[in-house]
Amino acid sequence: MNGRAGGNGPGPRDTLPRSSAPAPEPAPCANGPVRRVIRIVNPYGLHQRVADKFSRTARAFSCTVTVWNGTAKANGKDIMDLIMLIVLPDSEVVLEVDGPDAPKAVDPLAAILASPGGEDYTI
Amino acid sequence: MRLCNFIVRDAIIPALSVPAPQTDARDPAAVPAVKEAVVRQMVQALHMAGHFRAEDVDEIVKAVLKREQLGTTGIGRHIAIPHSRHPAVDRLIGTMALSRDGLPFDSLDGEPVYVFVLLVSPQDRPGDHLRALEAVVRTMRNDDFVRQLRACQTGDDIWALLEGAAPGW
């Protein structure tokens with residue numbers, strides 16, 4: 001994940017997220033990256049369980065998966081990167097997927113981020 | 001946020017008394033008993049350090065274990081962050097424990113866990129909880145820090161390391 005300076009949406013792509021996960025290098029999507037703006041309605045934000053589910057799902061696709069919180073970004077396939085993004089409840093993130101299967105990946109990944117949780121909020 | 005902002009110094013456990021399975025430190029069959037023993041020792045340590053009532057201990061242990069059932073908090077790199085929200089605390093607190101042998105914890109990477117950070121947070125402070133998780137992950141991604149941490153022999157050694165750690169750790 002990169003710095004946390006203010007700003008909106010994806011910044012320049014000249015820096016890569018610090019991640020221990022192997023960096024996939026899929027062929028770029030013919031139409032460029034697919035992006036979605038998503039509001040986090042889960043009352044606990046992008047917490048560990050959501051990050052776990054999201055990163056597991058992301059790893060099933062060959063496309064790169066990036067989640068932006070302002071100008072900070074995370075490798076969506078790396079749970080630690082996602083936790084370091086500190087996505088608070090009621091904030092907006094940008095989901096960016098890039099690669100041959102990006103159109104197939106974007107809906108299930110967006111659904112995880114947009115989910116209200118449906119979970120036991122007492123734990 | 002830094003680890004020393006929420007780790008309770010007197011609750012640090014430099015060597016858990018939970019034995020590793022004799023056969024295999026990755027043995028999945030050993031995970032439930034190990035999780036209960038680790039969580040109980042850590043919650044008990046927080047209680048002994050003056051946090052929450054004795055009658056809350058069992059309930060907090062159950063809550064943390066219930067959270068584990070929803071998905072492991074063994075996030076890889078030999079680290080686990082068991083946690084729960086509970087009304088017994090009015091601010092986020094945590095403790096740290098080391099295992100000398102490594103324990104099976106159903107980690108995402110299948111590896112045994114040597115460093116545990118247990119968090120208990122109030123129901124209504126999601127931001128503090130997220131910032132604490134970030135602080136743990138950011139710190140534990142530093143291999144030098146983890147190496148120094150695992151070499152610590154006492155709670156005071158661990159505390160000195162946490163206090164001396166640069167904010168970037």
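Given the structure is predicted, the values throughout are model-derived calculations rather than measurements.

Criteria and cut-off values
Residues numbered from 1 in each chain as written. Chains lettered and ligands numbered in written order. Predicted model: local features only at pLDDT ≥ 70, side-chain atom pairs only at ≥ 80, totals over all residues. Heavy atoms only, no water. Helix = DSSP H or I, 4+ residues; strand = E, 2+ residues; numbered from the N terminus. Contact = heavy atoms within 4.5 Å. Areas by Shrake-Rupley, 256 points an atom, 1.4 Å probe, with all protein chains shown as cover. Axes fitted to C-alpha atoms, helices over the stretch in contact; angles between N-to-C directions. Parallel < 35°, antiparallel > 145°, perpendicular 65-115°, else oblique. Left-handed = near helix turned anticlockwise from the far one by under 90°. Nonpolar A, V, L, I, M, F, W, Y, C, P; charged D, E, K, R; others polar. Buried < 20%, exposed > 50% of the residue type's maximum accessible area, 1.4 Å probe, protein only. Pairing = 2+ DSSP bridges. Buried area = accessible area lost by both parts, 1.4 Å probe. Salt bridge = Lys/Arg side-chain N within 4 Å of Asp/Glu carboxyl O. Polar contact = N/O pair within 3.5 Å; in protein donor to acceptor, adjacent residues only side chain to side chain.

## A closer look at the overall build of chain A
Then comes step 1: The number of helices and strands found in chain A is three helices and four strands.
Then comes step 2: When the helices and strands of chain A are listed from N to C terminus, the series reads β-α-β-β-α-β-α.
Then comes step 3: A separation threshold of at least 6 residues defines the contact pool for chain A, and within that pool the share at least 24 residues apart is 76%.
Then comes step 4: On chain A, roughly 5500 Å² of surface is accessible, and the fraction owed to carbon and sulfur atoms is 55%.

## Things to note about the packing of helix H1 (residues 31-48) of chain B against helix H2 (residues 54-70) of chain B
Residues and elements named next belong to chain B.
Then comes step 1: H2 packs onto H1 with a crossing angle of 140 degrees between their chain directions and a minimal axis gap of 9 Å. Compared by their axis directions, H1 and H2 come out oblique. Here H1 and H2 pass one another in a crossing that is right-handed. Contact with H1, carried on its side by Lys35, Glu36, Val39, Arg40, Val43, Gln44 and His47, involves Ala54, Val57, Asp58, Ile60, Val61, Val64, Leu65 and Glu68 of H2 and no other residues of that element.
Then comes step 2: The class makeup of the residues in the contact of H1 with H2 is eight nonpolar, two polar and five charged.

## Thoughts on the pairing of strand S5 (residues 113-121) of chain B
Residue and element names in this part refer to chain B.
Then comes step 1: Of all nine residues making up S5, nine are buried, and the element is well covered by its neighbours.
Then comes step 2: Pairing geometry for strand S2 (residues 79-80) and S5, over two bridges, is parallel. Pairing of alanine 80 across the sheet is with phenylalanine 116, part of S5.
Then comes step 3: Where strand S3 (residues 83-85) and S5 come together, three bridges link them in parallel fashion. Each residue of the ladder has a partner; that of histidine 83, found in S5, is leucine 119.
Then comes step 4: Alignment of strand S4 (residues 93-103) against S5, held across seven bridges, turns out to be antiparallel. Bridge pairing in S5 places isoleucine 93 opposite valine 120.

## Structural notes on the environment of proline 21 of chain B
Then comes step 1: Within the secondary structure, proline 21 of chain B is located in the segment before H1.
Then comes step 2: Remark: the alpha-carbon pair of proline 21 of chain B and proline 104 of chain B, spanning 83 residues in sequence, is separated by 8.1 Å.

## Here's the deal with the interface of chain B and chain A
Many structure descriptions define interface size as the accessible area lost when the parts assemble.
Then comes step 1: Between chain B and chain A, the contact holds 24 residues from the first and 26 residues from the second.
Then comes step 2: Area buried by chain B at its contact with chain A is led by Arg85, Leu130 and Arg141 of chain B, which between them contribute 30% of it.
Then comes step 3: The tally of links between chain B and chain A comes to two salt bridges.
Then comes step 4: A salt bridge links aspartate 81 of chain A to arginine 141 of chain B; its shortest N-O distance comes to 2.9 Å.
Then comes step 5: The tally of links between chain B and chain A comes to three residue pairs in polar contact (both at pLDDT 80 or more).
Then comes step 6: Every element with two or more residues in the side of chain B that touches chain A is listed here: H2, strand S1 (74-76), S3 and helix H3 (126-140) of chain B.
Then comes step 7: The element that contributes the greatest number of residues to the side of chain B that touches chain A is H3 of chain B, accounting for eight residues.

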